[in-house]
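Single-letter residue listing:
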There are 2 protein chains.
Amino acid sequence: MAAALNKEMFDLGMAPNAIRAMFEYGIDRAEEIGAENIFNYSIGNPSIEPPEEFNQAIIDLMNNMDALELHGYSLTPGDKGFRQAIAENLTRRFGIRADRNNVFITCGCTAALTICIKALTSKPEDEFIAFVPYFPEYRVFVETMGGTFVECEPDEKEFQINFDALERILNPNTKALIINTPNNPTGTVLREDVVKRLVDLLHRKEQEYGHAIYIISDEPYREVVYDDIKVPFFPNLYENTFVCYSFSKTLSIPGDRIGYIFVPDEIEDKYDTYKTLVGTGRALSFVCAPMFLQQICAKCLDVTSDIEVYRKNRDLLYGALIEYGFDVIHPDGAFYLWMKAPGGDADAFVELAKKYELLLVTGATFGDSKYVRLAYCVDEDMIRRSLPAFKKLAEECHLK
Amino acid sequence: MAAALNKEMFDLGMAPNAIRAMFEYGIDRAEEIGAENIFNYSIGNPSIEPPEEFNQAIIDLMNNMDALELHGYSLTPGDKGFRQAIAENLTRRFGIRADRNNVFITCGCTAALTICIKALTSKPEDEFIAFVPYFPEYRVFVETMGGTFVECEPDEKEFQINFDALERILNPNTKALIINTPNNPTGTVLREDVVKRLVDLLHRKEQEYGHAIYIISDEPYREVVYDDIKVPFFPNLYENTFVCYSFSKTLSIPGDRIGYIFVPDEIEDKYDTYKTLVGTGRALSFVCAPMFLQQICAKCLDVTSDIEVYRKNRDLLYGALIEYGFDVIHPDGAFYLWMKAPGGDADAFVELAKKYELLLVTGATFGDSKYVRLAYCVDEDMIRRSLPAFKKLAEECHLK
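Computed from a prediction, not measured in an experiment: that's the story for all the values here. (Residues numbered from 1 in each chain as written. Chains lettered and ligands numbered in written order. Predicted model: local features only at pLDDT ≥ 70, side-chain atom pairs only at ≥ 80, totals over all residues. Heavy atoms only, no water.)

Chemist: Help me out: how do you make sense of the overall build of chain A in this one?
Modeler: The helix and strand inventory of chain A stands at 14 helices and 13 strands. A globule of 400 residues ought to have a C-alpha radius of gyration of about 21 Å, and chain A, at 21 Å, matches this closely. Seen along its three principal axes, the alpha-carbon backbone of chain A occupies a region of about 60 × 55 × 55 Å. Of all 400 residues assigned to chain A, the portion counted as buried reaches 63%. The contacts of chain A with a sequence gap of at least 6 include a subset with a gap of at least 24, amounting to 75%. For chain A, the exposed area adds up to about 14700 Å²; of that, 47% sits on carbon and sulfur atoms. In chain A, the 41 positive side-chain charges and the 62 negative ones have mean positions that sit 2 Å from each other. (Helix = DSSP H or I, 4+ residues; strand = E, 2+ residues; numbered from the N terminus. Rg over C-alpha atoms; globule rule 2.2 N^0.38 Å. Buried < 20%, exposed > 50% of the residue type's maximum accessible area, 1.4 Å probe, protein only. Contact = heavy atoms within 4.5 Å. Areas by Shrake-Rupley, 256 points an atom, 1.4 Å probe, with all protein chains shown as cover. Lys, Arg positive; Asp, Glu negative; His and termini not counted. Charge placed at Lys NZ, Arg CZ, Asp CG, Glu CD.)

This is the structure:
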């Protein structure tokens, strides 16, 4: 590597991405033996089209909005009207008091996360806790923004929260906990009693340490939830909360990079906190979130893609895997299944599954190498065709 | 400020923005005395609509492209087809050998700049030079990415390059020079002989120091240029160049955040350099540039907004200001005029101009408090109506 370059950035650029590598293997393999013979469960790309309202909004805006405004700069925290509309939507749904000054529009959930992390990081000792298994970029974002990343060991029974492990790692340097519910990769949603216990613990620790401990709630899958499961809305439960939301999964537009941060009035020093987010967005060069997308999404706040499709996929795949003897966590939301690797070695199991053209992702990517992830945002037909392969795989693993 | 927050980010969020403050003053003042009586030269927002091809591209894509692909993730460096199309466009225009592996799509020019700066910064001693007057965010980006920002004093006669000043500040810690031509705020384009002298100097210094010195060429105004003035294409002139381009001004879509980095084959360790950009884009949480915008712009590479409108504005305003006795740099491109404040105190002159409802921006914003900036991306009619006010202002300053 050239001496002139930043070595950490180079290493990140060279780092293998297990998800994308498996996805691209699937594309190559499909060319070899036919797409109908490949069962690609590797990637979390929405498989349902954006709702009709999304395209209608584009047409409406092109016909009725001044083009210079539609594609012009918004304020750094986003278009005032869009922010107000989001605030009203959240008020309506969660009964929280909010207006546009509680909302900061971002280039997707990833930007929301980095802005919150950077805004809270003053020194390398500032610690951010994520719960195994976790979205691998959490570590990258925390370390790039200058903080310290800390893993909390999982509750391997239910993938709720392992409170013993959490209590062991909480300390006066703890700045924030990154919560992701519905969860990627497990598909679990934190239960009400677990959230209550978490909130009580953090309140106690804030008292003990004499400073705020924040929850950064990463919520791209908020609307992707089944069976009337209730997703906790942390601002109603805990003061020092940042909600990071994305329209990627809700509207099936992950490439368009649009989301927001919600900051409740109850957060410590709310005015200063919001101003710090503004400064951080500026410093990280975001200028503003894409204005065209802001305007489109402003017209789509009450709609989602057809989530029911994912529920059907879940039921079909989960039911079959359980029947074949696999040990699978029951997913309440998102579009992932978290499955124990028979034998306990995810990498070996992923290789074995490839023999049956089943493309899974090793849990090592998410910090737990005893599990694999299956992304079931795929054609239902692919799931049906894959079931005999899973059955054979189960048999080879002597599961029943 | 709450102890939990990053103080530098808070300060940035609280920092007054002279451009926006003046722009908003203009909006308030227009409500008081009527928009027709306010001459708002404060902000560099394009005043010409996007070209018709832009809207046509949206319709075409909605009708003909799979919605999941149109709004899906691209690779981190951008959609392969869009990158290849840009490479071919540059090959056609500048005769450079290029393919998609020379192009990295970004969320606008600001993201392009921060990615380059971060990719080149390994320690606080790494120095980035910008030429006074400069876009104020250069300092913010360099300092946020962990480097040291260094100002080079201007050539106050022509606002080309002050080589004496540059030679004084070049040193073994110099990592890169940020070049912006056509320039915001002066409107000048670097002349061929100046560029040649710069390249010779940097080649000599690279030899002397035994390491690369990079040019980061910030080019949002590349297509906004008049009278067949030729804008230098640095990759043809200097090996260690990053071109940072934006579609903001070319297509009048500044809010949509889409641009690219071009990395020539001749740059030192090209493969590693490109990979470092990929890692940096990932670390800074960009994921990918907005895919919908990538696809739209891919269909608009050979068109621009009607730049001729800006040329007419320039001729009208420049001619009148010279006639009234102001000392104005002749702009070759962009849509700004850089005018010496009579008396030499920009802040005082800006206040004086307000008496005549002329809203200008102090040069202090750009590192030079003896000048003011006028953004003439406005209605031609506003310019005409403003001329009597400029005349009176000149008289009050005893210019003739």
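On we go.
Chemist: Whenever I open this one, the pattern of salt bridges confuses me. Can you help?
Modeler: Two side chains carrying opposite charge are able to pair once their charged atoms lie near each other. Residue and element names in this part refer to chain A. Counted by the stated rule, this structure contains 56 salt bridges over all chains. Notably, a salt bridge pairs aspartate 315 with arginine 311, separated by 2.3 Å at the nearest N-O pair. Here aspartate 315 and its partner arginine 311 are both found in helix 12 (residues 308-323), 4 residues apart, which amounts to about one turn of the helix. Taken together, the shared-partner salt bridges in this structure form one network comprising Asp227, Glu308, Arg311, Arg314 and Asp315. (Salt bridge = Lys/Arg side-chain N within 4 Å of Asp/Glu carboxyl O.)

Chemist: Where do I start with the sheet that holds strand 8 (residues 259-262) of chain A in this structure?
Modeler: Working definition: the strands of a sheet are paired by backbone hydrogen bonds and lie parallel or antiparallel to each other. Residues and elements named next belong to chain A. With respect to topology, 7 strands assemble into an open sheet ordered 2-8-7-6-5-3-4, the strand pairing being mixed. Since the sheet does not close on itself, it has two edges, and those belong to strand 2 (103-106) and strand 4 (148-152), each with one partner. Averaged over all neighbouring strand pairs, the angle between strand axes comes to 20 degrees, with direction disregarded. Where strand 3 (residues 127-131) lies against strand 4, 5 bridges are found, and the strand directions are parallel. Counted as the bridge partner of isoleucine 129 is valine 150 from strand 4. Its contacts with the sheet put helix 7 (residues 137-144) on strand 3, strand 4, strand 5 (174-179) and strand 6 (214-219), and the angle it makes with strand 4 is roughly 150 degrees. This element, helix 10 (residues 270-283), spans strand 2, strand 7 (241-246) and strand 8 of the sheet and lies at about 15 degrees to strand 2. (Pairing = 2+ DSSP bridges. Axes fitted to C-alpha atoms, helices over the stretch in contact; angles between N-to-C directions.)

Chemist: How should I be thinking about the interface of chain A and chain B in this particular structure?
Modeler: How large an interface is tends to be reported as the accessible area lost when its parts come together. On the chain B side, the residues contacting the 78 residues of chain A number 78 residues. Interface area, chain A with chain B, both sides summed: about 6200 Å², of which 61% is carbon and sulfur. On the chain A side of the interface with chain B, the three residues burying the most area are His71, Tyr73 and Arg282 of chain A, jointly 12% of the side's total. Applying the counting rule to chain A against chain B returns 2 salt bridges. For the salt bridge of arginine 282 of chain B with glutamate 137 of chain A, the shortest nitrogen-to-oxygen distance reads 2.7 Å. (Buried area = accessible area lost by both parts, 1.4 Å probe.)

Chemist: Mind showing me how you'd approach helix 14 (residues 380-396) of chain B here?
Modeler: The α-helix advances 3.6 residues per turn, and as a result positions three or four apart in sequence lie on the same side. Residues and elements named next belong to chain B. Compared with the 24 Å implied by 1.5 Å per residue over 17 residues, the 25 Å span of helix 14 between its first and last C-alpha is a close match. The largest bend in helix 14 comes to about 35 degrees, at serine 386, with the proline proline 388 one to four residues further on. Those residues of helix 14 that sit buried are Met382, Ile383, Ser386, Leu387, Ala389, Phe390, Leu393 and Ala394. After helix 14 finishes, the residue histidine 398 shows a positive phi value of roughly 55 degrees. (Expected span 1.5 Å × (residues − 1). Bend = angle between axes of the 7 residues up to and from the residue.)

Chemist: Would you mind going over the relation of the copies chain A and chain B with me for this structure?
Modeler: Relating one copy of the chain to the other requires a rotation about an axis plus a shift along that axis. For the pair chain A and chain B, the superposition axis carries a translation of 0.0 Å, the fit reaches an RMSD of 0.0 Å, and the rotation angle comes to 180 degrees. Taken together, the rotation and translation relating the two chain copies correspond to the operation of a two-fold axis. Looking at chain A, 100% of its interface residues are interface residues in chain B too, so the copies touch through the same face. (Least-squares fit on C-alpha atoms with pLDDT ≥ 70 in both.)

Chemist: In this structure, what is going on with the sheet that holds strand 12 (residues 361-362) of chain B? I would like to understand it.
Modeler: All names here are of chain B. Spatial ordering of the open sheet is given by 9-10-13-12, a layout of 4 strands whose pairing is antiparallel. Looking at the sheet topology across the chains shown, the edges are occupied by strand 9 (328-329) and strand 12. Two strands pair when backbone bridges link them, and strand 12 and strand 13 (residues 371-375) are joined in this way by 2 bridges, in the antiparallel orientation. Residue pairing across strands places valine 361 opposite arginine 373, the latter belonging to strand 13.

Chemist: Looking at this structure, how should I read the nonpolar core?
Modeler: Ile216, Phe242 and Phe247 of chain A together with Ile216, Phe242 and Phe247 of chain B are the most contacted members of the largest nonpolar core, which totals 148 residues. Not counting chain neighbours up to four residues away, the residues in contact with phenylalanine 242 of chain B comprise Cys116, Leu120, Tyr214, Ile215, Ile216, Ser217, Ile261, Phe262, Val263, Ile267, Thr273 and Leu277 of chain B. (Core = buried A, V, L, I, M, F, W, Y, C linked by side-chain atoms within 4.5 Å.)

Chemist: Help me understand the state of the cysteines in this model?
Modeler: Here a disulfide denotes one covalent bond, and it connects the sulfur atoms of two cysteines. All names here are of chain A. Under the defined criterion, the tally for this structure stands at 0 disulfides over all chains. Considering cysteine sulfurs only, cysteine 107 is the nearest to cysteine 288, which forms no disulfide, with 7.5 Å between them. Assessed through its relative accessible area of 1%, cysteine 288 is described here as buried. Of all cysteine sulfurs, the one in cysteine 300 lies closest to cysteine 297, which takes part in no disulfide; the gap is 6.2 Å. (Disulfide = S-S within 2.5 Å.)

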